[in-house]
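# A closer look at the structure
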Amino acid sequence: MRNFVICLLTIAFSPLSLAGPCGFTLNANSITLPFNDLGQDVLQNISINDPNTNNTNLCKNYFVTFSKGGSGTYNNRELSHSISGALDYNLYGKTGQQKLLLDFNDVTSKNDIIEGKAKKPDGEYFFNQFPIATELRGGDYTDSILASLYSGKFNSSNALEDQVLIPIKIEVPRYIDLSIADSPTGFDETLTDRTVSFNPLNEGDSAQFYVIIKSNAGYEVTATSNNNGKLLHSGGSSFINYDFFINGSLKPLTTTQEIGTGSGLTPAGGAVYPISFEIKSVTGKLSGSYQDIININVITTE
C-alpha cells in the first residue's frame, strides 16, 4: 500500500552577516509544502529591504542568484536521504520549468536570475519537485541553497549585499504493512490475522503460511506466543506441544523470536517469510479444545 499521504517541506532561512554599499538585505519566509509524487511548481516569495541611504545608480536595481546545492550541478539539484536515495528538484524564475536560476559565476543572461527595482522590492521564484518514477525510501531528504543578493545589474556594475542560506527538507513518511498470506505472492494488507483449526487433532498435523512485509524504511518483525509455544486446554489443566519454524528453522516460542529485519525499500512483492508449525504428541492428552495465539509484531527501526 502506498501511504504517501502528506509530507511537509520546511524551509528555514538563516541570514549571513554582510554589509554591501547599498545596505540591501534579503528576506524570505519559512514555508510548508505538501509532498507530491507527481511533481509541482510552488511559488516562493522574496523581498528586499532598502534603507534608502544611498541614491546612486548602483542602488536602484538588484538581482538574486542561487547556488547549485549539494549535488554540485543544475541538472538536477538534489535532496539527499541520509542513508541512500535522492529526490530531484530545481529552482526556476517562471512556472513550467522556465528560467533555471543559477549562481553568480554561471549567469549569462537575465533569464538566469531574479532581478528588480529597489523601489519595487518584491520578487518570486518557483520550487519544482520533479515527478517520481519509483517509490522513495522513507525519511528526510535535505539540501541547502545559498541565495545571494546583489545591487546593480548582472552585466554591469554590481556589489554583493546579502546572502541567505536556505535549508530544504522534504519528509517522506515511513510506512510498514504486514500480510499473513496463503502464498508468497499473495500480499493483501487486509489479511493480518489467521485461524488454523484441526478437528480432530493428531500428532504430525501441520500448517504453513507466509508473513509478507512491505515497507519503505528499516523494520523488524517478531513472533511471540501467549502460551510459550504450547496449545493449552480450555480447562487449563493440559497442554500439547508444537514446533514453530521460521524459514524452515526451528524457533522455540518460549521466548520472542525474530522473523526478519530489513532496511530501505522492500521488493515490489514484499519481503516474504515462510512460517510453519507441527503438532507434537497427543498421546494421553485430555479430550477437548486446545488453543494458542501467536502474535506477529512489526516495527520500524529508522
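Right, let's walk through the structure included here. Predicted, not measured: the structure shown is a model, and the values here were computed from it. (Residues numbered from 1 in each chain as written. Predicted model: local features only at pLDDT ≥ 70, side-chain atom pairs only at ≥ 80, totals over all residues. Heavy atoms only, no water.)

## Here's the deal with the overall build of the protein chain
For the protein chain, the count of helices and strands is zero helices and 23 strands. Against the 2.2 N^0.38 benchmark of 19 Å for 302 residues, the protein chain shows a C-alpha radius of gyration of 30 Å, more extended than a compact globule. Each of the three principal axes of the protein chain carries a C-alpha extent, and together these read 105 × 30 × 25 Å. When burial is assessed residue by residue, the protein chain has 41% of its 302 residues classed as buried. Considering only residue pairs separated by 6 or more positions, the protein chain has 77% of its internal contacts joining residues 24 or more positions apart. Looking at the protein chain as shown, the accessible area adds up to about 15200 Å², and 46% of this sits on carbon and sulfur atoms. (Helix = DSSP H or I, 4+ residues; strand = E, 2+ residues; numbered from the N terminus. Rg over C-alpha atoms; globule rule 2.2 N^0.38 Å. Buried < 20%, exposed > 50% of the residue type's maximum accessible area, 1.4 Å probe, protein only. Contact = heavy atoms within 4.5 Å. Areas by Shrake-Rupley, 256 points an atom, 1.4 Å probe, with all protein chains shown as cover.)

## Side note on the side chain of Asn-90
Among the structural elements, Asn-90 can be located in strand β8 (residues 86-94). By relative accessible area, Asn-90 is classed as buried at 2%. Beyond its immediate chain neighbours, meaning those up to four positions away, Asn-90 contacts Tyr-74, Asn-76, Arg-77, Leu-100, Phe-126, Phe-127, Asn-128 and Phe-130.

## Here's the deal with unusual backbone geometry
Glycine aside, residues mostly have negative phi angles, and peptide bonds mostly take the trans form. Here the residue pair Asn-75 and Asn-76 is connected by a cis peptide bond, since its omega of 0° sits within 30 degrees of zero. Relative to the assigned elements, Asn-76 resides in the loop between β6 (61-66) and β7 (77-81). Of the consecutive residues Asn-199 and Pro-200, the connecting peptide bond is found in the cis state with omega at 5°. Looking at where Pro-200 falls in the secondary structure, it is placed in the loop between β14 (176-181) and β15 (206-215).

## Some details on the pairing of β8
Every regular strand shows the same layout, with side chains that alternate between the two sheet faces. Pairing geometry for β7 and β8, over four bridges, is antiparallel. Directly across from Leu-79, in β8, lies its bridge partner Leu-87. Two successive antiparallel strands, β7 and β8, enclose a turn made up of four residues, where Gly-85 displays a positive phi of approximately 105°. With four bridges connecting them, β8 and strand β11 (residues 122-129) associate as antiparallel partners. When the bridges of β11 are listed, Asn-90 appears paired with Asn-128. Sheet topology note: the β8/strand β9 (residues 98-100) ladder contains two bridges and is antiparallel. Pairing of Lys-94 across the sheet is with Gln-98, part of β9. Counted between consecutive antiparallel strands, the loop separating β8 from β9 contains three residues, among which Gly-96 sits at a positive phi close to 70°. (Pairing = 2+ DSSP bridges.)

## Details of the sheet that holds strand β20 (residues 257-262)
Pairing is antiparallel in the open sheet, where three strands are placed in the order β20-β16-β23. Since the sheet does not close on itself, it has two edges, and those belong to β20 and β23 (294-300), each with one partner. The average undirected angle you get between the axes of adjacent strands in this sheet is 15°. As paired elements, strand β16 (residues 219-225) and β23 share seven bridges and run antiparallel to each other. Residue pairing in the sheet places Thr-222 in a bridge with Asn-297 of β23. (Axes fitted to C-alpha atoms, helices over the stretch in contact; angles between N-to-C directions.)

## Some thoughts on the pairing of strand β5 (residues 40-49)
Residues of β5 alternate between two faces, with Gln-40, Val-42, Gln-44, Ile-46 and Ile-48 buried on one and Asp-41, Leu-43, Asn-45, Ser-47 and Asn-49 left unburied on the opposite face. Bridge count between strand β3 (residues 25-27) and β5: three bridges; the pairing is antiparallel. Bridged to Leu-26 within β5 is Ile-48. Taken together, the eight bridges between β5 and β11 define a ladder with antiparallel strand orientation. Residue pairing in the sheet places Ile-46 in a bridge with Gly-123 of β11.

## Here's the deal with the layout of surface pockets
Left-over empty space is what a probe sized like a water molecule reveals as it rolls over the atoms. Roughly 880 Å³ of internal volume is contained in the largest pocket. Lining of the largest pocket is provided by 31 residues; of these, Val-196, Leu-231, Phe-277, Gln-291 and Asp-292 occupy positions nearest its centre. Put simply, the parts of the chain that give the lining of the largest pocket at least two residues each are β14, β18 (239-246), β21 (271-279), β22 (290-291) and β23. Top element by residues in the lining of the largest pocket is β23. It accounts for three residues. For the lining of the largest pocket, the per-class residue count stands at 18 nonpolar, nine polar and four charged. Estimates place the volume of the second largest pocket at around 150 Å³. The wall of the second largest pocket is formed by 13 residues, among which Gly-229, Tyr-242, Pro-252, Leu-253 and Thr-254 lie closest to the centre. When residues in the lining of the second largest pocket are grouped by element, the largest group, four residues, is from β18. (1 Å grid on protein atoms, 1.4 Å probe; cavity = no way out; pocket = protein on both sides within 12 Å on 5 of 7 lines; lining within 4 Å. Points joined across faces, edges and corners; volume = space filled by probe spheres on them. Nonpolar A, V, L, I, M, F, W, Y, C, P; charged D, E, K, R; others polar.)

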